[in-house]
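# Architecture at a glance
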Amino acid sequence: MKTYPMKELTCLCLVLLSFSTKGQNIFQRTIGHNGTEYAFMVKPTDDGGTILVGETTSFGSGGTDVYVVRTDNNANILWTKTYGGSDADHGYDIIQSADNGFIIIGDTKSFGNGKTDMYILKIDSAGNTSWARTVGGSGDDGAGTIKYLSGGYYLVTGTIESASPQEPNIALVTISETGVVTNLQTISGLGLGWAASATFDQGHVISGFTSSSGAGGLDICLVKFNPGGGIAWAKTYGGAKDDIAYGMQQTLDGGYIVSGFTQSFGSLGWNNYLLKTDATGNLLWSKVFTGSNNDRARHVIQTQDSGYLLAGYGPNAGNLIKTNSSGSIEWSKSFIQGSALFSVTETLNGYFAAGGITDNTGSSDVYLLKLNKSGTSGCQESTISLTTSDPSSVVSTFSPGFQLSSVNSVPANVDTNSGGIMKTICLNGVGVHTIDNMKPPVLLYPNPGYGIYTIVRCPNCYVEVYDGVGKIVFDAVSEDVRNEIDIRSFANGVYFYRIKDLATGYTSNGKLIKN
């Protein structure tokens, strides 16, 4: 008989119990101001509310700052906080700690040792900073996810760029609740540890992608670690082209569910990709859900009915896809034009989903939805038609380079501010606020990447890429809904892009990382 960690089951029961005693409103709401706000992760809190982490340019100390919003069970704002410095700082994941505070992870250019460093912060229940640290070297480093281990320790996964050769390495950082970094392990040749899960045997598993092993292009990879820290097994999944994973979770049967997107299977462009394995990484089944030819599943959870729920986006709007335990679609929804969904979490009576929504001026707000178990939020939603296929995913075993690395961790300063205006689009099916002329945000993926980046939602755009001193190193005019930036011949590092829609004049700017 399989046993499960009591802490995980206890926490799950407490969270679900708190949700079950609260209201059951459904809604769509936005939070932000006149700049750019996104939520990359939404998590339940033990009082039945939510905590969101992402980024903002409207508030803070300059550039882009980490943005955290805490709400009650009906998404009323309890408080908002920004964290960072004068340069670019981002938050990607958050977890509630034993003292009812939170630990935030992301990346920072404001503090640290190199170009970009891992950024790890501890805050109390009111958002006040307890401590902040950076981890990294002289290259481009960043954190993607955080999971609780045991004994007051947490696992932070991400990427650390090696100096020679200059390439990304998946990084695993063990840190205590008091901010002491006790261990740093790296896996060479694998990029972006965006998802991790503590496992029932007290080990852990991480997902990423690699070009050095597998069937071709970029392949999804899973690496399982024993409780003692050694690698138990490592496998790749995919086809002849690029396959990328962003979401992963251990399932109740001891296996794993992985979400991402693929160019190897389905129609042209990117297609939603869902894979289920057993406890040792053997593939049980894989599914491709094809809709608009540019669909990306960013996050996946196992639901209380043993099915799965994927959050992501297509060319025009954010999507949710609900499947049964075998990967067959039960329902699929698309939401307001201009939205993108990056994260989803479950309550006893429904789901919270979060991401961003962009208007015709280029301003973006946090987008927060509460849905019932049928995927209904009350307004501006539609059922999307998806074609399901069973791809011939290739599974390979490989032996990644794995080593303990010296820890370069320093305290980080934190400038804290607050701000955010909430607007309700609809509440329990009744429209409250109308958002007109929503423009689908221009999306650039994968970013970070290895030199080829796909531009989505810009059929007729002028594209410029600059190096660190402002020199144009790439420019082109796109003529298709799927256009590519190819800088494979350039040195690894940080670049900056400017994409102008020639039809509307809307301009999108951002950072482009080549690993």
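Residues numbered from 1 in each chain as written. Predicted model: local features only at pLDDT ≥ 70, side-chain atom pairs only at ≥ 80, totals over all residues. Heavy atoms only, no water.

## Looking at the overall build of the protein chain
Scanning the protein chain from terminus to terminus reveals one helix and 43 strands. Burial statistics for the protein chain: of 515 residues in total, 60% are counted as buried. Within the protein chain, residue pairs in contact and separated by at least 24 positions form 53% of the contacts whose partners lie at least 6 positions apart. (Helix = DSSP H or I, 4+ residues; strand = E, 2+ residues; numbered from the N terminus. Buried < 20%, exposed > 50% of the residue type's maximum accessible area, 1.4 Å probe, protein only. Contact = heavy atoms within 4.5 Å.)

## Let's talk about the pattern of salt bridges
Following the criterion strictly, the structure yields ten salt bridges and no others. D201 is the partner of K224 in a salt bridge, and the nearest nitrogen-oxygen pair spans 3.0 Å. Taken together, the residues K224 in strand β16 (residues 219–225) and D201 in the loop between β14 (190–198) and β15 (204–210) connect sequence positions 23 residues apart. Since its relative accessible area comes to 38%, D201 is described here as partly exposed. Residues K333 and E381 are paired through a salt bridge, measuring 3.7 Å at the closest nitrogen-oxygen approach. Of the two residues, K333 sits in strand β25 (residues 329–337) while E381 sits in the loop between β28 (364–372) and β29 (382–383), which places them 48 residues apart along the sequence. (Salt bridge = Lys/Arg side-chain N within 4 Å of Asp/Glu carboxyl O.)

## Overview of the state of the cysteines
On inspection of all chains with the given rule, the structure shows one disulfide. Between the sulfur atoms of C379 and its disulfide partner C426 the distance amounts to 2.1 Å. Between C379 and C426 the sulfur-sulfur dihedral comes to about -80°; the bridge is accordingly left-handed. Taken together, the residues C379 in the loop between β28 and β29 and C426 in strand β35 (residues 421–427) connect sequence positions 47 residues apart. Its relative accessible area of 0% is what places C426 among the buried residues. (Disulfide = S-S within 2.5 Å.)

## Structural notes on unusual backbone geometry
For Q202, which is not glycine, the phi torsion reads 75° and is therefore positive. The residue Q202 is located in the loop between β14 and β15 in this model. Residue Q202 is classed as partly exposed on the basis of its relative accessible area of 46%. Look at S306: it is not a glycine, yet its phi comes out positive at around 75°. With respect to the helices and strands, the residue S306 is situated in the loop between β22 (296–302) and β23 (308–313).

## Thoughts on the sheet that holds strand β34 (residues 415–417)
In space, the five strands of this open sheet follow the order β2-β3-β4-β5-β34, with antiparallel pairing throughout. Each of the sheet's edge strands pairs with one partner strand only, and the pair in question is β2 (37–44) and β34. The mean angle between the axes of side-by-side strands here comes to 20°, regardless of whether they run parallel or antiparallel. In this sheet, strand β5 (residues 77–84) lies alongside strand β4 (residues 65–71) in antiparallel orientation, the contact comprising six bridges. Bridged to R70 within β5 is W79. (Pairing = 2+ DSSP bridges. Axes fitted to C-alpha atoms, helices over the stretch in contact; angles between N-to-C directions.)

## So, the side chain of K81
Note that K81 resides in strand β5. Among buried Asp, Glu, Lys and Arg side chains, K81 stands out as unpaired, with D124 the closest opposite charge at 7.5 Å. The contacts of K81, once residues within four sequence positions are left out, are V66, Y67, V68, A126, G127, N128, T416, N417 and S418. (Lys, Arg positive; Asp, Glu negative; His and termini not counted.)

## Concerning the side chain of T236
Mapped onto the fold, T236 is located in strand β17 (residues 231–238). Residue contacts for T236: discarding those within four places in its chain leaves T210, S213, G214, D219, I220, C221, V394, V395, S396 and F398.

## Points about the packing of aromatic side chains
Here the structure, examined in full by the defined rule, presents 16 aromatic pairs. Look at F40 and Y92: their rings are 5.5 Å apart centre to centre, the planes differ by 50°, and that puts the pair in the tilted class. Of this pair, F40 sits in strand β2 while Y92 sits in strand β6 (residues 89–96), and the two are 52 residues apart along the sequence. For the residue pair F40 and Y92, the accessibility class agrees, reading buried in each case. An aromatic cluster of at least three residues, connected via ring pairs, comprises Y38, F40, Y92, Y313 and F342. (Phe/Tyr/Trp six-rings, centres within 6.5 Å; stacked < 30°, edge-to-face > 60°.)

## Some remarks on the nonpolar core
I120 and V156 are the most contacted members of the largest nonpolar core, which totals 30 residues. Those residues in contact with I120 that sit more than four places away from it in its chain are I103, I104, I105, W131, A132, R133, V135, V156 and I175. Grouped together as the second largest cluster of nonpolar side chains are 18 residues, L320, I336, I425 and C426 included. (Core = buried A, V, L, I, M, F, W, Y, C linked by side-chain atoms within 4.5 Å.)

## Digging into the environment of I146
Here I146 lies in strand β10 (residues 142–148). Classification of I146 by relative accessible area gives buried; the value is 0%. Sequence-wise, I146 and Y92 are 54 residues apart; in three dimensions their C-alpha atoms are separated by 9.2 Å. I146 has contacts with D93, I94, I95, I103, I105, Y154, L155 and V156, leaving out every residue within four places of it along the chain.

## Focus: the sheet that holds β22
Strand order in the open sheet formed by five strands is β22-β23-β24-β25-β29, with antiparallel pairing between adjacent strands. Whereas interior strands pair on both sides, the edge strands pair on one side only; in this sheet they are β22 and β29. Where β25 lies against β29, two bridges are found, and the strand directions are antiparallel. Note on β29: the bridge partner recorded for S334 is S382.

## A few points about the pairing of β5
In terms of burial, β5 is largely enclosed, as six of its eight residues are buried. Between β4 and β5, which pair antiparallel in sequence order, lie five residues; one of them, A75, sits at a positive phi of approximately 70°. Note: β5 against β34, three bridges, orientation antiparallel. Following the sheet pairing, T82 is matched in β34 by N417.

## Description of the confidence of the model for the protein chain
Close reading of the predicted structure is inappropriate where its pLDDT is low. Summarising the model, the protein chain shows a mean pLDDT of 84, and 84% of its residues fall at 70 or more. Note on residues 1–23: pLDDT is under 50 here. Beyond four places in sequence and across chains, it has 34 contacts. (pLDDT = per-residue confidence, 0-100.)

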